[in-house]
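# Chains, contacts and geometry: an overview
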Amino acid sequence: MSLTLKQLRYFIAAAETGQISHAAMEMNISQSAVTAAIQGLEATLGVKLLSRGAQGVAVTPEGARFLARARGIMAAVEDATRSPLGEETRVTGRLRLGLTYTVAGYFMARHYAAFRRSYPGITLEMSEQPRAAIENALVTGGLDLAVMLTSNLANHDDLDAETLFRSRRRLWLPSDHPLLALPQVSLHDVVRQPYVMLTVDEASRTAGRYWDHYGLVPQIAFATSSVEAVRSMVAAGMGVTILSDMVYRPWSLEGQRIEQRVTVEPVPSMDVGLTWARNRPLSGLAQVFRAFLSLTLGSGG
């Protein structure tokens, strides 16, 4: 096996934060993904990089030596990514970028900052809009490009899309929920529980598709457009929900624990990517932004 940039990134985050959970929050992924990546890295290297204890994780002597090398590798990758199109890093202009709610809140901020460092001459004019409004603005020329949930795209005739990554949807439960004691959890188990439904970014419509596919109807105890409200309600035991790893955090605002489980039945992922008008070629600025995101995410960003 060969090591990957994703493994290095997750190891550095865990080493620097001292907590797998904090590293997962920082990277917008699940704790299990961080743990699996680090275990894979340790297996590849044949050494223990982190020691695990009640207070979190600590770097071993071998881990400390490798941490310096890992930082050097990631610095080199960042330098290469920072100039993906060579001389075009000096290009100037304005790029009108549409964002859907989830992308704006849970994805775009860190990539915006990195893009601005790499291309200070490009002004990103970002606007958060509903999916339908973004699709219309792309077709009519009001937007140059959009970062949105490509899994929700409706106008496939007039728009092209490129999915950059897929975020798995899993069941969220409070830490003392009886379903956690089951060896596996099915949607038939979930449907018997009070359900907290997220409505923003057409989440309820998306959920309806897979519930309908299995002929099930969740018992909706509360519907809200706030991810934080869903998080707090699930942690407090008011119900369960199924949401993507991109918006998952292991703790509510009140400090209560939230657990995750994969359901027996496959649930479609939440896909994030770029969308643009099919009848209008991407501008040079849009191509720069597209290349930047593709390279950044391709290197484990």
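Structural data are supplied above this passage.
Structure report, in brief. Because the structure is a prediction, the values reported are computed rather than measured.

## Overview of the nonpolar core
Counting residues in hydrophobic clusters, the biggest one holds 43 residues, and the most contacted among them are Val147 and Phe289. When residues of this core are assigned to their parent elements, the largest contribution, seven residues, is made by helix α11 (residues 284–298). Dropping the residues within four chain positions of it, valine 147 is found in contact with Leu97, Gly98, Leu99, Thr100, Val103, Phe107, Met108, Val272, Gly273, Leu274, Phe289 and Leu293. Ala15, Ala23, Ala37 and Leu67 belong to the second-largest nonpolar core, a separate cluster that totals 23 residues.

## Quick word on empty space enclosed by the protein
Evaluation of the coordinates by the stated rule reveals one cavity of 30 Å³ or more. The wall of the largest cavity is formed by 21 residues, among which Arg169, Leu198, Ala203, Leu243 and Met270 lie closest to the centre. For the lining of the largest cavity, a count of residues per class yields 13 nonpolar, five polar and three charged.

## Re a nonpolar patch on the surface
A grouping of Leu3, Leu45 and Val47 is seen on the molecular surface, where their side chains present a nonpolar patch of about 190 Å² in accessible area. By the element assignment, leucine 45 lies in helix α3 (residues 31–45). Among the residues examined, leucine 45 registers a relative accessible area of 32% and is labelled partly exposed.

## Concerning helix α6 (residues 108–118)
Turn by turn, an α-helix covers 3.6 residues, leaving residues three or four places apart pointing in a common direction. Restricting attention to buried positions, one finds in α6 the residues Met108, His111, Ala114, Phe115 and Ser118. The buried residues of α6 occupy an angular sector of 135° when projected down its axis, which confines them to one face. In α6, the exposed positions that point more than 90 degrees away from the buried face belong to Ala109 and Arg117.

## Examining the pairing of strand β12 (residues 270–277)
Within β12, eight of the eight residues are buried, which leaves the element mostly enclosed by the surrounding structure. As paired strands, strand β5 (residues 145–149) and β12 are joined by four bridges and run antiparallel to one another. When the sheet's bridge partners are listed, valine 147 is paired in β12 with leucine 274. Where strand β6 (residues 159–167) lies against β12, eight bridges are found, and the strand directions are antiparallel. In the strand pairing of β12, threonine 163 is matched with glycine 273.

Definitions and limits used
Residues numbered from 1 in each chain as written. Predicted model: local features only at pLDDT ≥ 70, side-chain atom pairs only at ≥ 80, totals over all residues. Heavy atoms only, no water. Core = buried A, V, L, I, M, F, W, Y, C linked by side-chain atoms within 4.5 Å. Buried < 20%, exposed > 50% of the residue type's maximum accessible area, 1.4 Å probe, protein only. Helix = DSSP H or I, 4+ residues; strand = E, 2+ residues; numbered from the N terminus. Contact = heavy atoms within 4.5 Å. 1 Å grid on protein atoms, 1.4 Å probe; cavity = no way out; pocket = protein on both sides within 12 Å on 5 of 7 lines; lining within 4 Å. Points joined across faces, edges and corners; volume = space filled by probe spheres on them. Nonpolar A, V, L, I, M, F, W, Y, C, P; charged D, E, K, R; others polar. Patch = residues over 30% accessible without salt bridge, like charges linked within 9 Å, V, L, I, M, F, W, Y side chains within 5 Å. Areas by Shrake-Rupley, 256 points an atom, 1.4 Å probe, with all protein chains shown as cover. Salt bridge = Lys/Arg side-chain N within 4 Å of Asp/Glu carboxyl O. Arc of directions from axis to C-beta. Pairing = 2+ DSSP bridges.

Just geometry here; none of it tells us what the structure is for.
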